[in-house]
Amino acid sequence: MSRTSNGPTRRGVLAASLSLLAPLAACSRHAETSFDGGWVGAAHERGHLLRGPVPAAKSGSLPEPALARRAGAIVIGAGIAGLAAARALMRAGVDDVRVLELEDTAGGNSRGHAIAGMRCPLGAHYLPVPGDRAVEVIELLEALGVRKTEHGRAVYDERMLCHSPQERLYIGGGWREGLLPPLEALPTSECAATLADYRAFSAAVAEAGDHDAFMIPTARSRWSPALTALDATTFSTWLDARGLHAPALRWYLDYCCRDDYGAGAAQVSAWAGLHYFASRHGFRAPGADAPSEAGEGVLTWPEGNAWLAERLAAPLGDRLLTGRVALRVREGRDDVSVDAWNAVTTQSERWVAPRVVLATPLFVSARLLETPPAALREAAAAMRYAPWLVANLHLDTALDDRAGAPPSWDNVPYGDIGLGYVDAMHQSTRPYAGPTVLTAYRELGGDSGVDIATHRAQLLNEDWRSWADRIVAGLAVLHPDLPAKLRRADLMRYGHAMSIPAPGVRSSAALQALAAPQRRVHFAHADLSAYSVFEEAFFHGTRAGRAAAAA
Ligand SMILES: Cc1cc2nc3c(=O)[nH]c(=O)nc-3n(C[C@H](O)[C@H](O)[C@H](O)COP(=O)(O)OP(=O)(O)OC[C@H]3O[C@@H](n4cnc5c(N)ncnc54)[C@H](O)[C@@H]3O)c2cc1C
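Each value, and the rule that gives it
Residue indices follow the written sequence of each chain, beginning from 1 at its first position. pLDDT decides what is reported in this predicted model: residues at 70 or higher carry local features, side-chain atom pairs at 80 or more are listed and counted, and totals for whole chains, interfaces and linings draw on all residues regardless. Note that water and hydrogens are dropped before the side-chain values are worked out from all heavy atoms of the structure. A helix here means a DSSP run of H or I that spans at least four residues, while a strand means a run of E at least two residues long, and both kinds are numbered starting from the N terminus. Using C-alpha atoms as the atom set, the radius of gyration is obtained and then compared with a globule rule of 2.2 Å times the number of residues to the power 0.38. Calculation of accessible area relied on Shrake-Rupley with a 1.4 Å probe; when residues are assessed, cover is drawn exclusively from the protein chains displayed. Only four residue types enter the tally: Lys and Arg on the positive side, Asp and Glu on the negative side; His and the chain ends are excluded. By convention, the charge on Lys lies at NZ, on Arg at CZ, on Asp at CG and on Glu at CD. Strands were regarded as paired on the criterion that DSSP finds at least two bridges between them. We call a residue buried when its accessible area falls under 20% of the maximum for its residue type, exposed when it is over 50%, and partly exposed in between, using a 1.4 Å probe and counting protein chains only. It only takes one pair of heavy atoms within 4.5 Å for two residues to be counted as in contact. Salt bridges are identified by distance alone: a Lys or Arg side-chain nitrogen within 4 Å of an Asp or Glu carboxyl oxygen. What counts as an axis is a line fitted to C-alpha atoms, over the stretch in contact for a helix, and the angles between N-to-C directions run from 0 to 180 degrees. Any pair of N or O atoms that falls within 3.5 Å is considered a polar contact. Within protein, one atom must be able to donate a hydrogen and the other to accept it, and sequence-neighbouring residues count only if both atoms are side-chain atoms.

Trainee: Mind showing me how you'd approach the overall build of the protein here?
Mentor: Counting its regular elements, the protein contains 17 helices and 23 strands. Against the compact-globule benchmark of 24 Å for 551 residues, the protein has a radius of gyration of 23 Å, which places it among compact chains. For the protein, the exposed area adds up to about 20,900 Å²; of that, 53% sits on carbon and sulfur atoms. Once the 55 positive and 59 negative side-chain charges of the protein are each reduced to a mean point, those two points are 5 Å apart.

Trainee: Looking at this structure, how should I read the sheet that holds strand β3 (residues 73-76)?
Mentor: In any sheet, the strands associate via hydrogen bonds between backbone groups, in a parallel or an antiparallel arrangement. The strand order across the open sheet formed by five strands is β13-β4-β3-β17-β23, and the pairing between neighbours is parallel. Lying at the two open borders of the sheet, with one neighbouring strand each, are β13 (320-321) and β23 (521-523).

Trainee: Just to check I follow, could you spell out the environment of C120 for this structure?
Mentor: Tracing the chain through its elements places C120 in strand β6 (residues 118-121). Exposure remark for C120: the relative accessible area of 0% places this residue in the buried category. C120 sits 70 residues away from E190 along the chain, and the two C-alpha atoms are 39 Å apart. Apart from residues no more than four positions distant in its own chain, C120 is found in contact with G112, H113, A114, I115, P302, E303, N392, A424, V437 and T439.

Trainee: Sorry, what's going on with the pattern of salt bridges here?
Mentor: Once the charged atoms of two side chains with opposite charge are near each other, the side chains can pair. Per the stated rule, a full pass over the model turns up 31 salt bridges. The partner of R119 in a salt bridge is E310, with the nearest N and O atoms 3.0 Å apart. One end of the pair, R119, is in strand β6; the other, E310, is in helix α10 (residues 306-313), and 191 residues separate them in sequence. Using a relative accessible area of 34% as the deciding quantity, one classes E310 as partly exposed. As a salt-bridge pair, D240 and R250 come within 2.9 Å of each other at their nearest N and O atoms. With D240 in helix α7 (residues 235-241) and R250 in helix α8 (residues 247-261), this pair connects stretches of sequence that are 10 residues apart. Given the relative accessible area of 38%, D240 is considered partly exposed.

Trainee: Looking at this model, I keep getting lost on the sheet that holds strand β1 (residues 36-39). Mind explaining?
Mentor: Strand order in the open sheet formed by eight strands is β1-β22-β18-β21-β20-β19-β10-β11, and the pairing between neighbours is mixed. Bordering the open sheet on either side are β1 and β11 (174-177), each of which pairs with just one other strand. On average, adjacent strands in this sheet sit at an angle of 20° to one another, irrespective of strand direction. Across two bridges, strand β20 (residues 421-423) lies against strand β21 (residues 436-443) in antiparallel orientation. Within the sheet, the bridge partner assigned to D423 lies in β21 and is L438. The sheet strands contacting α8 are β10 (167-171), β18 (385-395), β19 (410-413), β21 and β22 (486-499), and the helix crosses β19 at an angle near 130°. Helix-sheet contacts for helix α14 (residues 464-478) involve β1, β10, β11, β18, β19, β20, β21 and β22, and the interaxial angle to β22 is about 105°.

Trainee: Teacher, can you tell me more about the environment of Q518 here?
Mentor: Considering the arrangement of structural elements, one finds Q518 in the loop between α16 (509-514) and β23. A relative accessible area of 25% means that Q518 is categorised as partly exposed. Not counting residues up to four positions away in its chain, the partners in contact with Q518 are A513 and F523. In this structure the side chain of Q518 is engaged in a polar contact, spanning 3.1 Å, whose partner is the backbone oxygen of A513.

Trainee: I tried to follow the side chain of T439 on my own but got confused; where do I start?
Mentor: Examined against the element boundaries, T439 turns out to sit in strand β21. Accessibility expressed as a relative area gives 0% for T439, which makes it buried. Within the local environment of T439, its side chain forms a polar contact with the side chain of N392, the two groups lying 2.7 Å apart. Leave out the neighbours within four places in its chain, and T439 touches C120, P121, V390, A391, N392, G420, Y421 and V422.

Now the structure itself:
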């Protein structure tokens, strides 16, 4: 993963040619496997209340609230952005905050899970060591004791920096260190052209990344007409125009897009494709100098970024109200009222406050607001959301391994054979290989809007077992002994996990308008960056919380 300059960050899997529609022949080979499992983590029925009648309301509209309360501020959504907004409000002296969250736990896409006593991620699983501009994240990490400054240098808690070996690629029947396909593993006939393309792409990234163009958070980038032009085209078109066709490079770049954005290079903008590299460590062609250690590395925990989410949620205490589905937000002259459905009492509640932060995906915010502003309608209409599937697989004994690089945190197959995985026990310091949980990620944004719709419907309609069988069959190519050692598969499905940075989204005026301070209803979500990562969510949450407190 991303400690090397070419390491993809989040897990993602090349789903395209591992057909999702056709049952895998490999499944039948593992018919003897026996494991339990099921869907975990998401209550899609609650989210879908926004589309249709509330169960208890015969008329189809919201019943009169059974409870009405006032608060100093209301935050809707307890993902990273909502938790950051609540933290900023409280730090600014607005203590009487209520956070309404649809699910039973806070964290959104950064929640965690546990199987057989082992923690594992349900979604986000790492945070790159932040660059200088991510001042909000740096402040958080210092407050949590993850980072300190010694003699002017940032020092991170070693237990949380991803341990070595970090990543490996399964290619040509064996494991190789790193994720960029090494030339030695490619057919000899491809080597020269691939090296030339690796070098050309490296130069293009260095050139594009000049002058503070690609910063994290993205709001601190120096935006220019050149970036607008990059944002107007797809990454594949941009690569084609430069004659960068080497299959190994194209596989790798497509993998990175799927990994970070939930969709392939044919759907994301060239801005997003380059941002992935230029905002962090660049792209290093084989033989080029290694980047300096500064800013390298990723922070990770067995439960992934849930480690951070849980620490952000803890100080909220009973200000956090889970199982509350916000259904309508009405902005009045002096205050804002929020009607929510309490999934536990199955009653409607009304919350009123002088300020509200909507920390929900923009398509949800557009449905929530009784009169959504034009910018919100426009931005929400322009966004496509990638579905994702995350499978946590409990193995009762260590896997056998093939030749090559040793088991790593992130283990990825080259080509189109399907899934890779992260090992939740990688950060443990136990001196032996034993039972573990492997977290397999699968982006389902594919290459087009049709792929998105097809995969979303499959996620909703197919049973967990057929998805689990596909994933197990994919991993069995890497580890033939896995099916026999699998005891449990807990699957988390996301219908609308993250907005894809498609051409035109990032540079749209509508998105910029929503990130500006508002009168009473403020917006906070990673969607506002068209780039779903912890730093962006935390930035927008902190920004919106501060703006709401000041308003
Ligand atoms: C599978 C996967 C892997 C990822 N891996 C990484 C990673 O390794 N590193 C990384 O930095 N990022 C990763 N991400 C990106 C991740 O989305 C961001 O890091 C971050 O968690 C986004 O936070 P957010 O608050 O913007 O959005 P969300 O997580 O979408 O939070 C929105 C919240 O609003 C709630 N909500 C929605 N509707 C309502 C309603 N009507 N009423 C009340 N509440 C509502 C939701 O339940 C949710 O809790 C990953 C994402 C996915 C899906």
